[in-house]
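Structural characterization, general
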Amino acid sequence: MALLNSLWPFFLMGGIFYFMLWRPQKKEQQKRQNLLNGLKEGDEIITIGGIYGMITAISEKRVKIKVAEGVEIEMARNAVSGYQNPAKNA
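What counts, and where the lines are drawn
- Residues numbered from 1 in each chain as written.
- Predicted model: local features only at pLDDT ≥ 70, side-chain atom pairs only at ≥ 80, totals over all residues.
- Heavy atoms only, no water.
- Helix = DSSP H or I, 4+ residues; strand = E, 2+ residues; numbered from the N terminus.
- Rg over C-alpha atoms; globule rule 2.2 N^0.38 Å.
- Buried < 20%, exposed > 50% of the residue type's maximum accessible area, 1.4 Å probe, protein only.
- Contact = heavy atoms within 4.5 Å.
- Areas by Shrake-Rupley, 256 points an atom, 1.4 Å probe, with all protein chains shown as cover.
- Lys, Arg positive; Asp, Glu negative; His and termini not counted.
- Charge placed at Lys NZ, Arg CZ, Asp CG, Glu CD.
- Phe/Tyr/Trp six-rings, centres within 6.5 Å; stacked < 30°, edge-to-face > 60°.
- Pairing = 2+ DSSP bridges.
- Axes fitted to C-alpha atoms, helices over the stretch in contact; angles between N-to-C directions.
- Core = buried A, V, L, I, M, F, W, Y, C linked by side-chain atoms within 4.5 Å.

1. Some points on the overall build of the protein chain
- Looking only at helices and strands, one finds 2 helices and 5 strands in the protein chain.
- Listed N to C, the secondary structure of the protein chain is α-β-β-β-β-β-α in terms of helices and strands.
- Its C-alpha atoms give the protein chain a radius of gyration of 21 Å, clearly above 12 Å, the size a compact globule of 90 residues would have.
- The dimensions of the protein chain, computed from C-alpha atoms along their principal axes, are 75 × 25 × 20 Å.
- The buried share among the 90 residues of the protein chain stands at 18%.
- For the protein chain, the share of sequence-separated contacts (at least 6 apart) that also reach a separation of at least 24 residues comes to 37%.
- When the accessible surface of the protein chain is summed, it comes to about 6900 Å², and 60% of that surface belongs to carbon and sulfur atoms.
- Distance between charge centres in the protein chain, computed from 12 positive and 8 negative side chains, equals 10 Å.

2. Notes on the packing of aromatic side chains
- The final tally for this structure, using the stated rule, is 2 aromatic pairs.
- Ring geometry for Tyr18 against Phe19: centres 4.8 Å apart, planes inclined by 85°, an arrangement best described as edge-to-face.
- The rings of Tyr18, Phe19 and Trp22 are connected pair by pair, giving a single aromatic cluster.

3. Thoughts on the environment of Ala76
- Mapped onto the secondary structure, Ala76 falls in strand β4 (residues 71-76).
- You can call Ala76 partly exposed: its relative accessible area is 41%.
- When the C-alpha atoms of Ala76 and Arg62 are compared, they prove to be 4.5 Å apart, with 14 residues separating the residues in sequence.
- Apart from the residues lying within four places of it in its own chain, the contact partners of Ala76 are Lys61, Arg62 and Val63.

4. Things to note about the sheet that holds strand β2 (residues 52-58)
- Strands sit in the order β4-β3-β2-β1-β5 across an open sheet of 5 strands; the sheet is antiparallel. Each edge of the open sheet carries a strand with a single partner, namely β4 and β5 (80-83). Across the sheet, the mean angle separating the axes of adjacent strands is 45° when strand polarity is ignored.
- Pairing of strand β3 (residues 62-68) with β4 involves 6 bridges; the strand directions are antiparallel.

5. Overview of the nonpolar core
- Counting residues in each nonpolar core, the largest one holds 10 residues, listed as Leu35, Leu36, Leu39, Ile45, Ile55, Val63, Ile65, Met75, Val80 and Tyr83.
- Contributing elements (two or more residues each) for this core: α1 (2-37), β3 and β5.
- Dropping the residues within four chain positions of it, Ile55 is found in contact with Leu39, Lys40, Glu41, Gly42, Asp43, Ile45 and Lys64.

What follows is the structure, given as structure tokens:
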């Protein structure tokens, strides 16, 4: 019984750690992975650097983004931060 009384704070801390840190982080990672997997040509996106553009070509590791008429840049797929349309980011 004394052993149980001395260990319950550790179990409590483990539960707090799981629900406050690990679980929300996993949800955010899953949400980001779904965003990156769901990208397609024609999507209007924002990059991590704050560049707004429309995807014109996409591959496994790179995306080509049209940022202005006649101006396209190519960057890593992981550099996409989200969609320009806030409803799509949810």
